[in-house]
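# Examining the three-dimensional arrangement
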6 protein chains.
Amino acid sequence: MQRYDGRTPNDKRPIKISTNFTQWAEGSVLIETGNTKAICTASVEETVPIHLRGKEQGWVTAEYSMLPRSTQTRTPREAAKGKQKGRTLEIQRLIGRSLRAITDMKKLGERTITIDCDVIQADGGTRTASITGGFVALALAIKNLESKNLVEKGTVLRENVAAISVGIIGGTPMLDLDYSEDSTADVDMNIVMTENGQFIELQGTAEGNPFNDAELAKLIELGRKGIAELIYEQKKAIDLTFING
Amino acid sequence: MQRYDGRTPNDKRPIKISTNFTQWAEGSVLIETGNTKAICTASVEETVPIHLRGKEQGWVTAEYSMLPRSTQTRTPREAAKGKQKGRTLEIQRLIGRSLRAITDMKKLGERTITIDCDVIQADGGTRTASITGGFVALALAIKNLESKNLVEKGTVLRENVAAISVGIIGGTPMLDLDYSEDSTADVDMNIVMTENGQFIELQGTAEGNPFNDAELAKLIELGRKGIAELIYEQKKAIDLTFING
Amino acid sequence: MQRYDGRTPNDKRPIKISTNFTQWAEGSVLIETGNTKAICTASVEETVPIHLRGKEQGWVTAEYSMLPRSTQTRTPREAAKGKQKGRTLEIQRLIGRSLRAITDMKKLGERTITIDCDVIQADGGTRTASITGGFVALALAIKNLESKNLVEKGTVLRENVAAISVGIIGGTPMLDLDYSEDSTADVDMNIVMTENGQFIELQGTAEGNPFNDAELAKLIELGRKGIAELIYEQKKAIDLTFING
Amino acid sequence: MQRYDGRTPNDKRPIKISTNFTQWAEGSVLIETGNTKAICTASVEETVPIHLRGKEQGWVTAEYSMLPRSTQTRTPREAAKGKQKGRTLEIQRLIGRSLRAITDMKKLGERTITIDCDVIQADGGTRTASITGGFVALALAIKNLESKNLVEKGTVLRENVAAISVGIIGGTPMLDLDYSEDSTADVDMNIVMTENGQFIELQGTAEGNPFNDAELAKLIELGRKGIAELIYEQKKAIDLTFING
Amino acid sequence: MQRYDGRTPNDKRPIKISTNFTQWAEGSVLIETGNTKAICTASVEETVPIHLRGKEQGWVTAEYSMLPRSTQTRTPREAAKGKQKGRTLEIQRLIGRSLRAITDMKKLGERTITIDCDVIQADGGTRTASITGGFVALALAIKNLESKNLVEKGTVLRENVAAISVGIIGGTPMLDLDYSEDSTADVDMNIVMTENGQFIELQGTAEGNPFNDAELAKLIELGRKGIAELIYEQKKAIDLTFING
Amino acid sequence: MQRYDGRTPNDKRPIKISTNFTQWAEGSVLIETGNTKAICTASVEETVPIHLRGKEQGWVTAEYSMLPRSTQTRTPREAAKGKQKGRTLEIQRLIGRSLRAITDMKKLGERTITIDCDVIQADGGTRTASITGGFVALALAIKNLESKNLVEKGTVLRENVAAISVGIIGGTPMLDLDYSEDSTADVDMNIVMTENGQFIELQGTAEGNPFNDAELAKLIELGRKGIAELIYEQKKAIDLTFING
C-alpha cells in the first residue's frame, strides 16, 4: 500500500539535521522532517529557577512557537495576542519533560539550559521534530560545556531521545503523518523513546474511532522503528559537527 | 503486597458520585474518589462557537480549576494572577476531547455543552475524576434535553467514558495513585477508555525511569479493570437519579 | 405580610454552617443561607506582605469567586478571561476589611491568613454569606493556632462579626433578600456588624428610588436582628466542632 | 473645637467648580475641594452597550483614574501595570451608579454618556469630588443635547446629586476629611445624596473602632449639611456657564 | 502666505508654561502650545533600576498618557484596555531619551527622576510639548535637589532641550502643526534640539509624498528657529519660578 | 580608515536575499546582511481592518519579532511574558509605514497584506533589514496576485523602498553599523528611502554627543549610497525568482 506521497505506511519522511544553524546559541540546529522545519537552539545560563537554588542541580526547560506564516493560512502571533495558547504550553511542557528525562541534573550543575523550538514551516509533526532536534541542540550545548571543562565528559546525558508520530488512517497504522494525513486520521499518537527502546512519553488520542490493544501494539512497533532511524540521524549530525568543526 | 492505605496494587480508591449536587446546572455531580473531590456541572447553551455556525452540529467543551485551598498548601488563584497555567489548559483540553469522543455532535444539534470541573479537594487523580464525573454531568444534561424533546432519546452519547490513573512505584504497577503515591512514582499514566474497552486517550509519562512494553501492558490491564468499575458506578448514579427524581 | 417563599419581611432564610468541610485548610466551612452556598477556607501562611515585614504584626486578606455555574445562566470564568471583575474585587476587599476589623494583628503575629470564599450556588447574599462563613473559617484557623500554642488563647479575635442584606421592595423593608427579591428591590443594603451590635460596614444603594432617614432606621433594625441570629449560629457551629472533634 | 487647618468639625473645605475646562468634551469641569483637584468630562456617544440595544434607553457610565503624581509619593500608572486596581474599579462603579440614579434613561434616548474623572491632585475625598464634579459635567452635556433638540428640555436629569465624606476622629464626627485627617479616622463614610435630601449611596467603614447608631446619625446630619452646600455650588456653576457662555 | 489660524508658515503657536502647577511633585508644569495642554511632573525617587544599582549613576525616564477626552472624540482609556498602545510606548521612549541626552547621570547620583506627561487637551504636537514641558519639570526637580545640597549646583543638566514639529502641507514647509494641519500634511517631522542648536532626535515621516534634501533642509531651518524660541520660554519660566517662589 | 571587520566607513555589509524561503506564504525571503538574518513573509488575506471596510482600498501592515536566541544572550520570549516590548511595537509600526508609503492602496483592492519579520540571528540593523527584505516579500506577493489577475499588473507598488542604518563613531560617519559598532556609536540613524532617492523615514538619535548639520548631511549621503545598492539587490532577487521559478 502506498501513501499519497509515495511512502509505504512504515516509512518516515526524509530528515535533515543542520547543526550550528545560528551563531550565538551554545547549540543550534535546523531540523527538517519532510516539509516541517524548525530551528532548535540551546541556551546555557549560569542560574537555576528559584525553587532549585542551592540544591546542586541544574534544569532543562523548553519553549515552543510557530512563526505566524509557518502554517497554510496565517496564524495570529501569540505575542500580539498577549497569551500563549493551550496547545503551545502543552507542547513546550512535553519537550521539556522529554529532555529532562535523559539528563542527569546533578551532573549538569547549577545551570539552566533552555531549548527554544521555533517552527518556521509546519507540515505535521512539529512537536516530535522539536524533541528530536531539541535533543541535538542540547547535546551540542553539553559538548560546549565539556570543552570548557564545566561538566564531566560523557556524564550529563544518559542516552539519546527522539520522538515521532504514528496514526491510524482508514484502518491502517502509519508512521510519521504529515499535515494532510493527520487531518484525516482516526488516531494520532506521539511516542518519545530512548535509544534503549524504552518509553519516555506515550500520548495517543482517538480523534475519530477509539482504538484497541492490537492497534496500539502495531502503532508502537512502527514508532520504535522510526525512532531508531531518527536516533541514527541525530548521532550522525552530532558526529559530523565535531569532525568538520 | 499492601499499599500504605491498605489497598492492593489492583485496587482503586472508593468512589462516590452524588448527582444533582447544585441547583442551576442542567447536569451536576459531586464526584469523590478517595479524598479527591470535584464538582462537575454541565451547562447547555443554545449557540455554538463561530467556526461551527451553520454546520448543523453541536459542541462539547470543558473548563477545569482547583479551589486555592483544595491543595495541601494554598495555590494562588489563577483569576488573581490573570492567567491559567499550562497544566490547567492541558487538563481542560483533555477533558473536552474525551467527552467529545463519545458524543454525536450532529445529534446534539446546534448547542454547546460546557463541562465545568472544579476541584474542591485534591489528593491525586483530579483530571481522571473530572472526566469520570464530567461524563455523568453530561449524561444528565442530555437526559434533560431528551425530556424536553430537544434531542432524540438515546442517540447523542454513543457509550460511557471514564478515566483512571495507573503508575509504577518501586517497580510495581499500581491502580489509581493518590497524591502521596504519585509523588514517588517512576511512571504516571492516565487512561481514558470507553465502555467497550477501547482507548480514547492514553498518556504515559516516565518521571523517573523509562518504561518498557511489558510494563505498559500491565498498566493497561490495571486501567481497564478500574475503568470497568468506574463505568458501573456511573451507570448506577445515573439510574438512581431518575428512579429517585 | 408574606413573601413569595412564605417568610415574613423580618425573617432571614434558614442557615446551615458545616465546619471542617474540606481536608487541607486550617479552617473550612460550607455555609448555606437558603439556596446560597459557599465554601470558605482559611489558610495560614508564615509570612506577611512586604510592606508589613518586621512590624511584628499579621495580616488577614480574602479572595472571592463564583463557580461558573453557581448562577442561573453560566457566568464566564474569570481565570479564562484573564481578569477579575470589579464586582469580585469590591467584594473581596469588603470581606477582608470586615474580618480585619475584629482581628488583633499584633496578637496574630507575623503570619497571613487568607480567607477564600468560593460560591458554589448563588441565590442572593453571596457577599454577606462569605463574611459570615469566612468568620467561622477564620475562627477555626485561630483555634488551630491556639492548639499549637502559636498564638495566645482568646486574644486574636476581639468578637464575632457577621453580615446580612436588607432591602426595600414595594415600599416594605425586608431582611435577607434572595436573588429574585433583590432583582426587584428599590434599595439594597449590606450590613456588617459585630457581636456588640456596632457597625463595621454599612453599604446602602438606591437602585430605584432613593431612601430617607426613616427607611434607613428600619433597615438597620432588621439587619441588627438578623445579625444577632447569625452570630448565634456561628457560635453554635464553632462550639460543636470542638465538642465533636 | 478647631481642626488643624482652622475648620470646625462642621465645615467642609472651600470648593471651586470651573466649567468648560477642556475644549472637546460635551461637558467638562475642573473641581477643586481644598487641595483635591479633578478634571471631570462628559462624552456623548450615539450608541449603547450591546445588552441595551433596541431597548429605547440610554446609559451613563464612569471611569476614574489618578495621575501618577497626584499623590504625595508617585503611584505607578495603571496603564503601565496593565490592570486597574480594585480601588479604581470600586470608585468608578460608585460614580456610575450615583449618576445613573438621577438620570431618566428613557428620556436620554439611545446614547451613552461617559463621565471621565481624572484626579490631578489628591488630598482626600477624590471619589466624592468626582461624583459632585461628574454631575456638573453630565448636566452640561445634557444642556448641550437640549440645545440641539436631541433630548427634551428639563426631563433627563431628575434632580442634582452630590457627595461628601464624613468621619470620626478621636471620637468627634467631622465633615469632609482631607488626606491627613482620613489617615487617622476611626470611621470613614461617603454619602451620596440628592437635592431632596434622600440617599443614593451610604458607605461607612470602621477602620479602627466600630460605630454605633448615635454616631451614624450625627455623621448623616453633617453629610446632609455639606451636600446642600455642594448642590448650591453646582447650581451656581451651571447657571454661570450659561449666563457667560 | 497665511495659515487658517492666521499664522505664517514660520510661526509657532503661542506657548505658556505655568510652573508649580501641582502640589506634590518635585517639579511640575502645565504647558500650553496653542490648544494642546499637558501636565508634566518630575518625581524623584532615591533608587535606580536594578541593572544600574551600584554603578554610581542615576536615571531619567518618562511616561506619557492622554486623558480619554483630551481628543476630539473619546479615546478608550489604556488602563481599562489593559495595555498601552505602541504610539504611547514610542512617545514615552522618545521623551526619556531626549531628557537623558542632556543629563549627566553621574552627577545626578543614585536616584531616578520620572517625568510624567499627561495630556489634558490635544491639538497636535503633544509629544513635542511633552519634551519641552518635561525639561522644565526636570529642571525644577534638579533645582529642588540643589537646594537640599543633594546634587552639585549647575552640573546635572548640561543644557536645555526642547522639541517642535514641522511639516510640509501642499508643498509648503510649516512650523508647529496643529491637529487639523497635521491631518493633511505630506511630511511630519519632530525635531529635538539642544540650546546649542545640535540634534538630539530627528524623526521625519512621509505620510503622503516622500521628501527630498532641499525640503529636509528647509524643515530643519524652521525647527531650529522654533526651538530657539521655546528655549527662551523655558528659561523665562524657570527664572520666574525662583524670583516669585 | 578601516573598520574592525575590514570595511571602510562607506561600505555596507554583504547582503544576500533568498526568495521563496518558506512554503506557504504568498511571498517569502530570507534576508542576510552580514550576520543579521531575518525571515520576511507576506500573507494575503481577503479582508481589511474594520475601519477600512467598504472604502475600496487595501491595507499593508507588519509584525516584527526576534527569536529568543537570535541575540548574544537569550532574550525572554514576548509571548511568554504576555506583552510586546515598546521597541517591538515601534519597529513594526516603522516597517508598516515604510511599506504603505510605496503601495497604492486603491489598486491593491480590499485585501490585507501582513508582512511578518522574524529575526533568527541579530547583529545590528534588524529593523532596516526587515524593511528591505519585507519589500521583497511584498513584491513577491503582489506578483502572485498579478499572476491570478487579482490586481492590475505593475500598478500596486509605486517604486522600491529599502532601509539602512548609518552612524557616527569616534567622529567618523559610517554606513551599516553592526551590533558591536552600534554599541559604541554617538549617533544612530535609520534611513528609509525610495528608488528615486527620496525620504520615507529619517530617524536619527544622539545616544552620546548631539550632532550638527554637517554630520547630518554626511550621514544622509552615506545612506543614499547604501540604499541604492540594496535596491539593486532587491531587483536582482525578484528578477531571478521569476527567471528560475
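This section reports on the structure supplied with the text. (Residues numbered from 1 in each chain as written. Chains lettered and ligands numbered in written order. Predicted model: local features only at pLDDT ≥ 70, side-chain atom pairs only at ≥ 80, totals over all residues. Heavy atoms only, no water.)

## Focus on the overall build of chain A
When its secondary structure is counted, chain A shows six helices and nine strands. Taken over C-alpha atoms, the radius of gyration comes to 18 Å for chain A, in line with the 18 Å a tight globule of 245 residues would show. Once the C-alpha set of chain A is aligned to its principal axes, its extents read approximately 55 × 40 × 35 Å. Residues counted as buried form 62% of the 245 residues belonging to chain A. Accessible surface, chain A: about 9,300 Å² in total, of which carbon and sulfur atoms supply 49%. The centroid of the 31 positive side-chain charges in chain A is displaced by 4 Å from the centroid of its 33 negative side-chain charges. (Helix = DSSP H or I, 4+ residues; strand = E, 2+ residues; numbered from the N terminus. Rg over C-alpha atoms; globule rule 2.2 N^0.38 Å. Buried < 20%, exposed > 50% of the residue type's maximum accessible area, 1.4 Å probe, protein only. Areas by Shrake-Rupley, 256 points an atom, 1.4 Å probe, with all protein chains shown as cover. Lys, Arg positive; Asp, Glu negative; His and termini not counted. Charge placed at Lys NZ, Arg CZ, Asp CG, Glu CD.)

## Digging into the relation of the copies chain E and chain D
When chain E is fitted to chain D, the residual RMSD is 0.0 Å, and the transformation amounts to a turn of 180 degrees plus an axial shift of 0.0 Å. On the angle and the small slide along the axis, the relation comes out as a two-fold axis. Comparing interface residues between copies, 100% of those in chain E also lie at the interface in chain D; the contact surface is shared. (Least-squares fit on C-alpha atoms with pLDDT ≥ 70 in both. Contact = heavy atoms within 4.5 Å.)

## Looking at the pattern of salt bridges
Evaluated as defined, the whole model comprises 128 salt bridges over all chains. With its nearest N and O atoms 2.5 Å apart, the salt bridge here joins Glu201(B) to Arg97(B). Taken together, the residues span a long stretch of sequence, with Glu201(B) in strand β9 (residues 199–206) and Arg97(B) in helix α2 (residues 86–100) at a distance of 104 residues. Lys236(D) is the partner of Glu233(D) in a salt bridge, and the nearest nitrogen-oxygen pair spans 3.4 Å. Pair noted here: Glu233(D) and Lys236(D) are both in helix α6 (residues 213–244), with a separation of three residues, about one helical turn. Put simply, Glu63(A), Asp116(A), Asp118(A), Arg74(F) and Arg77(F) are held in one network by salt bridges that share partners. (Salt bridge = Lys/Arg side-chain N within 4 Å of Asp/Glu carboxyl O.)

## Some words on the interface of chain E and chain D
Counting residues at the interface gives 38 residues for chain E, matched by 38 residues for chain D. Summed over both sides, the interface between chain E and chain D buries roughly 3,000 Å², with carbon and sulfur atoms accounting for 50% of that surface. Its largest share of buried area at the contact with chain D, chain E owes to Trp24(E), Arg69(E) and Arg74(E), together 27% of the area lost on that side. Remark: the boundary between chain E and chain D carries twelve salt bridges. (Buried area = accessible area lost by both parts, 1.4 Å probe.)

## Points about the arrangement of the chains
You won't find any contact between chain B and chain E; their C-alpha atoms come no closer than 11 Å. In this assembly chain C lies apart from chain F, the nearest approach of their C-alpha atoms being 11 Å.

## Some thoughts on the sheet that holds strand β5 (residues 112–121) of chain D
All names here are of chain D. An order of β1-β2-β3-β5-β4 is seen for the five strands of this open sheet, with the pairing classed as mixed. Edge strands, defined here as strands with exactly one partner in the open sheet, are β1 (15–19) and β4 (59–66). Taken over all neighbouring pairs, the strand axes of this sheet differ in orientation by 20 degrees on average, direction set aside. In this structure, strand β2 (residues 27–33) lies alongside strand β3 (residues 36–45), joined through seven bridges in antiparallel fashion. Paired with Thr33 across the bridge in β3 is Thr36. Contacts from helix α2 (residues 86–100) reach β4 and β5, with the element oriented near 145 degrees to β4. Sitting on the sheet, helix α4 (residues 126–147) is in contact with β1, β2, β3, β4 and β5, with an inclination near 155 degrees to β2. (Pairing = 2+ DSSP bridges. Axes fitted to C-alpha atoms, helices over the stretch in contact; angles between N-to-C directions.)

## Thoughts on the side chain of Glu201(A)
For Glu201(A), a relative accessible area of 1% translates into the label buried. Within the structure, the side chain of Glu201(A) is placed 2.5 Å from the side chain of Arg97(A), a separation counted as a polar contact. A distance of 3.4 Å separates the side chain of Glu201(A) from the side chain of Gln203(A), its partner in a polar contact. Contacts of Glu201(A), omitting those with residues within four sequence positions, involve Leu94(A), Arg97(A), Ser98(A), Asn190(A), Ile191(A), Val192(A), Gly204(B) and Thr205(B). (Polar contact = N/O pair within 3.5 Å; in protein donor to acceptor, adjacent residues only side chain to side chain.)

## So, unusual backbone geometry
In the Ramachandran plot, Asp176(B) falls in the positive-phi region, its phi being about 60 degrees despite a non-glycine side chain. Counting through the fold element by element, Asp176(B) comes out in the loop between β7 (172–175) and α5 (179–182). For Asp176(B), a relative accessible area of 5% corresponds to the buried category. A positive phi angle, near 55 degrees, is found at Glu56(D), a position not held by glycine. Of note, Glu56(D) is situated in the loop between β3 and β4. Classification of Glu56(D) by relative accessible area gives exposed; the value is 60%.

## Section: the side chain of Asn160(A)
Residue and element names in this part refer to chain A. In this structure, Asn160 sits in the loop between α4 (126–147) and β6 (161–169). A polar contact of 3.0 Å, which involves the side chain of Asn160, links it to the side chain of Gln234. For Asn160, the residues in contact, after removing those within four places along its chain, are Ile102, Phe135, Met193, Thr194, Glu195, Ile231, Gln234 and Lys235.

## Overview of α2(B)
For α2(B), which comprises 15 residues, the first-to-last C-alpha distance of 21 Å matches the rise-based estimate of 21 Å (1.5 Å per residue) to within 8%. With respect to burial, α2(B) is a largely interior element, eleven of its 15 residues being buried. (Expected span 1.5 Å × (residues − 1).)

## Here we look at the environment of Ile120(D)
Tracing the sequence through the fold places Ile120(D) in strand β5. Between the C-alpha atom of Ile120(D) and that of Ser180(D), which follows or precedes it by 60 residues, the distance is 18 Å. Excluding its chain neighbours within four sequence positions, the residues that come into contact with Ile120(D) are Leu30(D), Lys37(D), Ala38(D), Ile39(D), Leu67(D), Ser70(D), Phe21(E), Thr22(E) and Ile39(E).

## Considering the sheet that holds strand β4 (residues 59–66) of chain E
Residues and elements named next belong to chain E. Pairing in this open sheet of five strands is mixed, and the strands run β1-β2-β3-β5-β4 from one edge to the other. This sheet does not close on itself; its edge strands, each paired only once, are β1 (15–19) and β4. Within the sheet, the average angular offset between the axes of one strand and its neighbour, ignoring direction, is 20 degrees. Sheet topology places strand β3 (residues 36–45) next to strand β5 (residues 112–121); nine bridges connect them, and they run antiparallel. Opposite Ala38, over in β5, you have Val119 as the bridge partner. The sheet strands contacting helix α2 (residues 86–100) are β4 and β5, and the helix crosses β4 at an angle near 145 degrees. Each of β1, β2 (27–33), β3, β4 and β5 is contacted by helix α4 (residues 126–147), which is oriented at about 155 degrees to β2, the strand it contacts most.

## Quick look at the environment of Asp118(D)
Residue and element names in this part refer to chain D. Examined against the element boundaries, Asp118 turns out to sit in strand β5. On the basis of relative accessibility, which here comes to 3%, the residue Asp118 falls in the buried class. Between the C-alpha atom of Asp118 and that of Ile39, which follows or precedes it by 79 residues, the distance is 5.2 Å.

## Notes on the environment of Ile169(F)
Residues and elements named next belong to chain F. Along the polypeptide, Ile169 turns up in strand β6 (residues 161–169). Judged by its relative accessible area of 17%, Ile169 is buried. Sequence separation between Ile169 and Thr184 is 15 residues; the distance between their C-alpha atoms is 6.7 Å. When near neighbours in sequence (up to four residues on either side) are disregarded, Ile169 contacts Met174, Leu177, Glu181, Thr184 and Ala185.

This is a description of form; function is not addressed.
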